[in-house]
Amino acid sequence: MSRIVFLNGSFLPPEEAKVPIMDRGFLFSDGVYEGVGVIDGRLVDNEAHLERLERSLREIRIDNPYSRSEWTRLEQELVRRNGMTEGFLYLQVTRGVAERDFFFPQGVAPTVTMFTQAKAIADTPAARDGIAVVTVPDRRWERRDIKSISLLAQVLAKQEAREKGAQEAWMVEDGYVTEGGSSSAFIVTKAGSIVVRPLSNAILPGITRQSLLRLSREDGIVLEERRFTVEEAYDAAEAFLTSASNFVVPIVSIDGRRIGDGKPGPITKRLRELYLQMAREPAVAAE
Ligand code: PMP
């Protein structure tokens, strides 16, 4: 099946989906995005992703081009046209095309793009064996709660992680972990409670994080919503990350130090199972 992408109301082959060089996303990173996981051909937690999209657009004062039901219909149509059963749906809204000038242009329609990326999520080596992370300084702007397409700091952070043999970067500010380059960061204490940074402008409100917190509460796991330092993470019993495109992934080393016994821990494994179950449960998916 050949790939189909979405551009401003049309479903097109990628080579026909062209955006002018004056697009403000291209010139200023003036736009926001969402990434939604797909499993068994269904969008996972899509309502929550669309709610976050609405908030991101409001915060940067771009009118939402579609209602929630229109977005859902277009997303589902794209997944269907690509025959994707497992992977990731990316959607982006920019302020549109205008002569380069910092001020908001008047009467310009936003540019809307979407594409899918087929990939394994449920059964991957990272999920089975865990991954390594390295810490890097958090060099981002102050409004990390907005899902901005300006990702240069994360591109550099994640590339640095890769060059050091790790799969994710944990960004650090004032000695405390903020979050991963493209994921939320968690540790599990030796007493068995989960520690995660509370929501603020310092981090993206992860949708997978939100669902995971609900599932842990329902499962009776003790939750501590507070900041944690890099040293506390080194000494944790377990560590893991969450994201829409990976669900729950165990972390077995941080800066080359082994976490716990260097294997995915029992609480991480349990949470991954609970999340997978939830994602596969049609009643809570987007259809
Ligand atoms: N933090 C950052 C900086 C991210 O880029 C992402 C993934 N987009 C996340 C956290 C995880 O959020 P979600 O669970 O909504 O994918």
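Quantities reported herein were computed from a predicted structural model and do not represent experimental measurements.

## Thoughts on the nonpolar core
So, point 1. In terms of nonpolar packing, the biggest core is built from 24 residues, with F6, L53, W71, L78, L89 and M114 touching the most fellow members.
So, point 2. Where this core is concerned, the elements lending two or more residues are β3 (31–39), α2 (46–59), α3 (68–81), β5 (87–94) and β6 (111–118).
So, point 3. Considering every element that reaches this core, the biggest residue donor is α3, with 4 residues.
So, point 4. Beyond its immediate stretch of four places on either side in the chain, L89 contacts E34, G35, V36, V38, L43, E75, L78, V79, M114, F115 and T116.
So, point 5. Among the nonpolar cores identified, the runner-up in size contains 22 residues, and L212, L213, F240 and Y275 belong to it.

## Notes on empty space enclosed by the protein
So, point 1. Summed over all chains, the structure comprises 2 cavities of 30 Å³ or more.
So, point 2. Reported here for the largest cavity is a volume of approximately 50 Å³.
So, point 3. Around the largest cavity, the lining residues are T178, E179, S184, A185, V196, R197, I203, L204 and R209.
So, point 4. Along the lines of polarity and charge, the residues of the lining of the largest cavity split into 4 nonpolar, 2 polar and 3 charged.
So, point 5. Taken together, A237, E238, A239, I251, V252, I259, K263, P264 and G265 make up the full set of residues lining the second largest cavity.

## Looking at the site of the ligand
So, point 1. Contacts to the ligand come from 18 residues, most closely from R52, K147, E179, I207 and T208.
So, point 2. Between a nitrogen atom of the ligand and a side-chain N or O atom of K147, the distance comes to 2.4 Å.
So, point 3. Burial of the ligand by the protein amounts to 93% of the accessible area it has alone, namely 390 Å².
So, point 4. Looking at the shell around the ligand, the elements that each hand over two or more residues are α2, β9 (176–180), α6 (207–218) and β13 (238–243).
So, point 5. Considering only residue class, the shell around the ligand consists of 4 nonpolar, 10 polar and 4 charged.
So, point 6. The residue makeup of the shell around the ligand includes at least three contributed by each of domain 1 (5–118) and domain 2 (125–279).

## A short note on the domain arrangement of the protein
So, point 1. With domains assigned, the protein is organised as domain 1 (5–118) and domain 2 (125–279).
So, point 2. Distance between the C-alpha centres of domain 1 and domain 2: 26 Å.
So, point 3. Each side of the interface is counted separately: domain 1 has 25 residues, and domain 2 has 21 residues.
So, point 4. At the boundary of domain 1 and domain 2, one finds 2 salt bridges.
So, point 5. The salt bridge partner of R143 is E59, with a shortest N-O separation of 3.0 Å.
So, point 6. Inspection of the region where domain 1 meets domain 2 yields 8 residue pairs in polar contact (both at pLDDT 80 or more).
So, point 7. Of all the secondary structure elements, the ones that give two or more residues to the side of domain 1 that touches domain 2 are β3, α2 and β5.
So, point 8. The biggest single contributor to the side of domain 1 that touches domain 2 is β3, with 8 residues.
So, point 9. For the side of domain 1 that touches domain 2, the residue count by class is 9 nonpolar, 9 polar and 7 charged.

## Some points on unusual backbone geometry
So, point 1. With phi around 55 degrees, D40 is a residue other than glycine that occupies positive phi space.
So, point 2. Residue position: D40 is located in the loop between β3 and β4 (42–43).

## Re helix α8 (residues 266–280)
So, point 1. Compared with the 21 Å implied by 1.5 Å per residue over 15 residues, the 21 Å span of α8 between its first and last C-alpha is a close match.
So, point 2. Those residues of α8 not exposed but buried are I267, T268, L271, R272, L274, Y275, L276, M278 and A279.

## With respect to the environment of Q76
So, point 1. Its place among the elements puts Q76 in helix α3.
So, point 2. Classification of Q76 as partly exposed rests on a relative accessible area of 25%.
So, point 3. Separated by 22 residues in the primary sequence, Q76 and E54 place their C-alpha atoms 18 Å from one another.

How each quantity is defined
- Residues numbered from 1 in each chain as written.
- Predicted model: local features only at pLDDT ≥ 70, side-chain atom pairs only at ≥ 80, totals over all residues.
- Heavy atoms only, no water.
- Core = buried A, V, L, I, M, F, W, Y, C linked by side-chain atoms within 4.5 Å.
- Buried < 20%, exposed > 50% of the residue type's maximum accessible area, 1.4 Å probe, protein only.
- Helix = DSSP H or I, 4+ residues; strand = E, 2+ residues; numbered from the N terminus.
- Contact = heavy atoms within 4.5 Å.
- 1 Å grid on protein atoms, 1.4 Å probe; cavity = no way out; pocket = protein on both sides within 12 Å on 5 of 7 lines; lining within 4 Å.
- Points joined across faces, edges and corners; volume = space filled by probe spheres on them.
- Nonpolar A, V, L, I, M, F, W, Y, C, P; charged D, E, K, R; others polar.
- Near = heavy atom within 4 Å.
- Polar contact = N/O pair within 3.5 Å; in protein donor to acceptor, adjacent residues only side chain to side chain.
- Areas by Shrake-Rupley, 256 points an atom, 1.4 Å probe, with all protein chains shown as cover.
- Domains from an automatic or database assignment.
- Salt bridge = Lys/Arg side-chain N within 4 Å of Asp/Glu carboxyl O.
- Expected span 1.5 Å × (residues − 1).

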